[in-house]
Amino acid sequence: MPTVQDIEYKDSAARTVEAAEVVQDERMVLNMGPSHPATHGVLRIVLELDGEIITKADPDVGYLHRGDEKIAENMTYTQFIPYTDRLDYLAPLANNVAYALAVEKLLGIHDKLPPRCQYIRVMCAELARISAHLLGLGAFAMDMGAVTVFLLIFTEREKVYDLAEAVSGARLTTSYTRVGGVMRDIPPTWLDQCQKFCDEFLPALAEIETLLTRNRIWVDRVRNLAVISKEDAIDYGLSGPNLRGSGVEWDLRKNQPYLCYKDLEFDIPTGSVGDCYDRYLVRMEEMRQSARILQQCIKKIPGGAENKSKEPIDYASGKILLPPKEKVMTKMEELIHQFMLVTEGMNCPPGEVYFGHENPKGELGFYINSKGGGVPYRLKIRAPSFVNLSIIPKLFQGNMISDTVAILGSLDFVMGECDR
Amino acid sequence: MQTQSEIGYNSKIEGDVVVTTVDAALNWFRKNSVWPMPMGLACCAIELMAVGASRFDISRFGSEVMRFSPRQADCMIVAGTVTYKMALSVKRIWDQMPEPKWCIAMGACASTGGMYRSYAVLQGVDRIIPVDIYVSGCPPRPEAVLDALMKLQKKIGNTPVIENLTITNLKKEAA
Amino acid sequence: MTSTEAAQKIKAKFGDLISELPEFRGEVNVNVADAEQIVDVCKYAKNDLDFNYLVDITSLDNYGDDPRWTVVYHLRGLRNGCEIRIKTSVSEERSKLPSVIKVWTTANWHEREIYDMMGIHFAGHPDLRRILMWEGYPYFPLRKDFPLAGKESQLPGIAFTHTTPMAGGPFVTVAGGNSAQSREPRIRIPETDSLETMSRLERRKEIQEAHGHPKGPGPIEKK
């Protein structure tokens, strides 16, 4: 345990240190959570305090553990899709894409998807990224007192919700992708709506930036706070903006490309210091890059807005996806496919795969161990928030209670994903 | 307003006066400022936040003051899955809320456990606390939450207050 | 260096301890025969082969087989982009293997989760306690013989659990059935799931004992 003298404090805390020296051995245990202002979900941290300074922090997760992995062993692959929505519930479209790609890797078709389907999925994933980063930013800012930001981001998020509702029917829990494709094609006006969103979103983001990025109070509160070094970030298994904020250039979209990311131009922002401010800046820039990706996809999507050329949107195979209803009602083979898919699920080969997807929070990975048949033998969800939270004991130590909100906000985790 | 009724006052002399029952007045105050305590646990919490944001504005109903302290709140909106690990915390927070208090179970998970039929999920928050309004949906649309709030307001409006006050009960026992 | 080369180097270094498993979907898998040596293999992988990122540790319950537990490590080298999967097995009587926390700190929470869900102990872990369920919960939920509905438990003041009403249970097919009859979706009982790889005709007797009826499913309540 580092003593009070080993840790460097900012100036304003030095006075507290001198006062605290007197009561050095009297530590107080404070319980933070599980019900604290709901922005970060149900996380409980047991803090051991020495005055205002935290000497030990022990996060207690599991308050939202719903048993997803056990449920997955009792569901066919398609039946599990709604559960993936509720993992990172700020970016449900991204989780859907991640899961569908994992099962498709098991089937061996994840690189054989038709291009229109790939573009639609990329657009969904990037919209989800914008939506999740916006709320992470809003929650972060609101916890620090900047409540205006929270309301501003919700205006933009409502536009993303409108887009999600247009394409899948639901605002939040979309369940949009299917193994082998997507549920249905995008509506004809969707691309225009998307373009309009991008045109309105970038100025709104600039407006939010004027409120925060150069704000004296904001910078003072998050600069040089909770610095995570490169080695620590890799050692603790961080991923996503947390890893890139510490300077590690690793993004699954560039390093292990999937879908059509190879054909798209975008940059990966990385931080240099690894403090909360860097992670905030990385997320802001990622949103801008996502908007850039969206605009490219809008121009490049095969078939365009109305898909007049009837580009396929799924890997049409009666053994994986439900056949079209007209054929099911009239042809024998499709009827049998429909029956087998609904009762037994798609017949996946025995084997195991791991697929990691670049989710807004980090790397969402699905490890599927299949013994054949339509139900996985074991489905493990590698949740980025679970791994990101493990660094909290290290980050909290030596900081003050008011810094905890800043650190938690900058780590940007979601308990639905962490606890599954 | 100007009334000339049997009650026997002249509004021109005594000013604009509204005559009503004490219950109606008290309930009117209560229902138009229901301060929710958002027990935001999972995805429904995000829709609850959307209800509080500008588009669906819960502030129109007097409820934008989302008090995270149970002692200052009227209505607990359980938004999200209640797991067994969380159940006793929810109960404790409910117990800390002062009367009069109401509960809205928002979403399928809070109402009945939702689609999580597993070893770790409490099958409905009404197993540990009394629920007034159930909102279905996964997650319910913000309009549905506002509809629930309006139904709650109607329910509050119909609650007899004076005859349930402690002092009234004490007087009845003494008598 | 590619993943296959890395696997070959590991095999060259550790000899008989390592067996290479067939590549599936472009993923390289390696099996470590003795779970006690897993730390040495991981140290070699990290220090010499530059697998500096531990993606995930998973556990499998091979219910009905021996050894019952398989622990799966997913390694990745961030500098070269290689990935490799290392598997090792532990028998149920032992249920213990050394922790790799000294190699990658991220293993801390992964191993705690495996202990919580499966009941496998990790020797050398500084703080092996439950992470997703609460301390004092008497069962290990992800085991195959633990029902999805859960079991009753009471820890006054901390938590309680009840059995979830399942109305007959998840009505779904089972993994690995090798005949149409064994793949039929029907009421499942964990004890018979592990037998599903055999055709139902072959194991009619076991079904009768478990369900109470040779054709199963029997009454909704498990006998």
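## Some thoughts on the overall build of chain A
Okay, step 1: When helices and strands are counted, chain A shows 18 helices and eight strands.
Okay, step 2: Over its C-alpha atoms chain A spans a radius of gyration of 23 Å, differing by no more than 12% from the 22 Å that the globule rule assigns to 420 residues.
Okay, step 3: Dimensions of chain A, computed from C-alpha atoms along their principal axes, come out at roughly 85 × 45 × 35 Å.
Okay, step 4: Here chain A holds 420 residues, and 58% of them are scored as buried.
Okay, step 5: Partitioning the contacts of chain A with sequence separation of at least 6, the portion at a separation of at least 24 is 70%.

## Some details on the overall build of chain C
Okay, step 1: From N to C terminus, chain C includes five helices and nine strands.
Okay, step 2: In chain C, the order of α-helices and β-strands from amino to carboxyl end is α-β-β-α-β-β-β-β-α-β-β-β-α-α.
Okay, step 3: Per-residue burial over chain C gives 40% buried out of 223 residues.

## Let's talk about the domain arrangement of chain A
Residues and elements named next belong to chain A.
Okay, step 1: We note that the domain assignment places domain 1 (4–60) and domain 2 (68–419) within chain A.
Okay, step 2: The interface is formed by 17 residues belonging to domain 1 together with 17 residues belonging to domain 2.
Okay, step 3: For the side of domain 1 that touches domain 2, the element with the highest residue contribution is strand E3 (residues 53–60), accounting for seven residues.
Okay, step 4: Grouping the amino acids of the side of domain 1 that touches domain 2 by side-chain chemistry returns ten nonpolar, four polar and three charged.

## With respect to unusual backbone geometry
Okay, step 1: A cis amide bond links Glu99(B) to the next residue, Pro100(B), at an omega of -10°.
Okay, step 2: Relative to the helices and strands, Pro100(B) is located in the loop between helix H4 (84–96) and strand E3 (102–106).
Okay, step 3: Note the cis peptide between Cys138(B) and Pro139(B), where omega equals -5°.
Okay, step 4: As for its placement among the helices and strands, Pro139(B) is situated in the loop between strand E4 (133–135) and helix H6 (142–157).
Okay, step 5: Positive phi, normally seen in glycine, also occurs at Ser175(A), with a value near 50°.
Okay, step 6: Locating Ser175(A) in the fold gives a position in the loop between helix H6 (147–168) and strand E4 (177–178).

## Quick word on the interface of chain A and chain C
Okay, step 1: Counting residues at the interface gives 46 residues for chain A and 34 residues for chain C.
Okay, step 2: Those elements giving two or more residues to the side of chain A that touches chain C turn out to be helix H2 (68–72), helix H9 (230–235), strand E6 (351–359), strand E7 (362–370), strand E8 (378–382) and helix H15 (384–389) of chain A.
Okay, step 3: With five residues, the single largest contributor to the side of chain A that touches chain C is E6(A).
Okay, step 4: A class-by-class count of the residues in the side of chain A that touches chain C yields 15 nonpolar, 20 polar and eleven charged.

## Some thoughts on the confidence of the model for chain C
Okay, step 1: The pLDDT averaged across chain C works out to 83; a share of 83% of its residues lies at or above 70.
Okay, step 2: The ipTM for the predicted assembly is 0.87, set against a pTM of 0.89.

## Brief notes about the confidence of the model for chain A
Keep in mind that low pLDDT regions are not for reading the predicted coordinates in detail.
Okay, step 1: Mean pLDDT over chain A: 88, with 94% of residues reaching 70 or higher.
Okay, step 2: Confidence drops under a pLDDT of 50 for residues 6–12 of chain A, and excluding neighbours within four residues, the segment shows four contacts in the predicted structure.

## Overview of the environment of Leu113(A)
Okay, step 1: Position of Leu113(A) among the secondary structure elements: in the loop between helix H4 (92–107) and helix H5 (115–143).
Okay, step 2: Those residues in contact with Leu113(A) that sit more than four places away from it in its chain are Gln118(A) and Tyr315(A).

## Here's the deal with the environment of Ala25(B)
Okay, step 1: Along the chain, Ala25(B) turns up in helix H2 (residues 22–31).
Okay, step 2: C-alpha of Ala25(B) to C-alpha of Tyr116(B): the two residues are 91 residues apart in sequence and 43 Å apart in space.

## Examining the interface of chain C and chain B
Okay, step 1: Contacts between the two partners involve twelve residues from chain C, matched on the other side by nine residues from chain B.
Okay, step 2: Residue composition of the side of chain C that touches chain B, by class: nine nonpolar, three polar and no charged.

## Structural notes on the pairing of E8(A)
Residues and elements named next belong to chain A.
Okay, step 1: E8 sits mainly inside the fold: five of its five residues count as buried.
Okay, step 2: Of the strand pairs in this sheet, E7 and E8 are connected by five bridges, and their pairing is antiparallel. Note on E8: the bridge partner recorded for phenylalanine 366 is isoleucine 381.

## What to know about the sheet that holds strand E1 (residues 36–40) of chain B
All names here are of chain B.
Okay, step 1: An order of E1-E2-E3-E4 is seen for the four strands of this open sheet, with the pairing classed as parallel. Strands at the two margins of the open sheet, each flanked by one partner only, are E1 and E4. Mean inter-strand twist for the sheet, computed between neighbouring axes without regard to direction, equals 15°.
Okay, step 2: Bridging between E3 and E4 involves three bridges; their strand directions are parallel. Bridge pairing links alanine 105 to tyrosine 134 in E4.

## Here we look at the packing of H5(A) against helix H17 (residues 401–411) of chain A
Residue and element names in this part refer to chain A.
Okay, step 1: Close contact between H5 and H17 brings their axes to 9 Å; oriented N to C, the two are set at 175°. Regarding the angle of H5 to H17, the classification is roughly antiparallel. Between H5 and H17, the residues in contact are Ala139, Phe140 and Asp143 and Val405, Gly409 and Ser410, respectively.
Okay, step 2: In the contact of H5 with H17, the residues fall into three nonpolar, two polar and one charged.

## Section: H5(A)
Given 3.6 residues per turn, any residue in an α-helix points the same way as the ones three and four places further on.
All names here are of chain A.
Okay, step 1: Between the first and last C-alpha of H5 there are 42 Å, a value that for 29 residues agrees with the 42 Å anticipated at 1.5 Å per step.
Okay, step 2: Burial analysis of H5 places 27 of its 29 residues in the buried class, the great majority of the element.
Okay, step 3: Directly after H5, the chain includes glycine 145, whose backbone phi takes a positive value near 110°.

Conventions we followed
- Residues numbered from 1 in each chain as written.
- Chains lettered and ligands numbered in written order.
- Predicted model: local features only at pLDDT ≥ 70, side-chain atom pairs only at ≥ 80, totals over all residues.
- Helix = DSSP H or I, 4+ residues; strand = E, 2+ residues; numbered from the N terminus.
- Rg over C-alpha atoms; globule rule 2.2 N^0.38 Å.
- Buried ≥ 20, exposed ≤ 12 C-beta atoms within 10 Å, placed from the backbone.
- Contact = placed C-beta atoms within 7 Å.
- Domains from an automatic or database assignment.
- Nonpolar A, V, L, I, M, F, W, Y, C, P; charged D, E, K, R; others polar.
- pLDDT = per-residue confidence, 0-100.
- Pairing = 2+ DSSP bridges.
- Axes fitted to C-alpha atoms, helices over the stretch in contact; angles between N-to-C directions.
- Parallel < 35°, antiparallel > 145°, perpendicular 65-115°, else oblique.
- Expected span 1.5 Å × (residues − 1).

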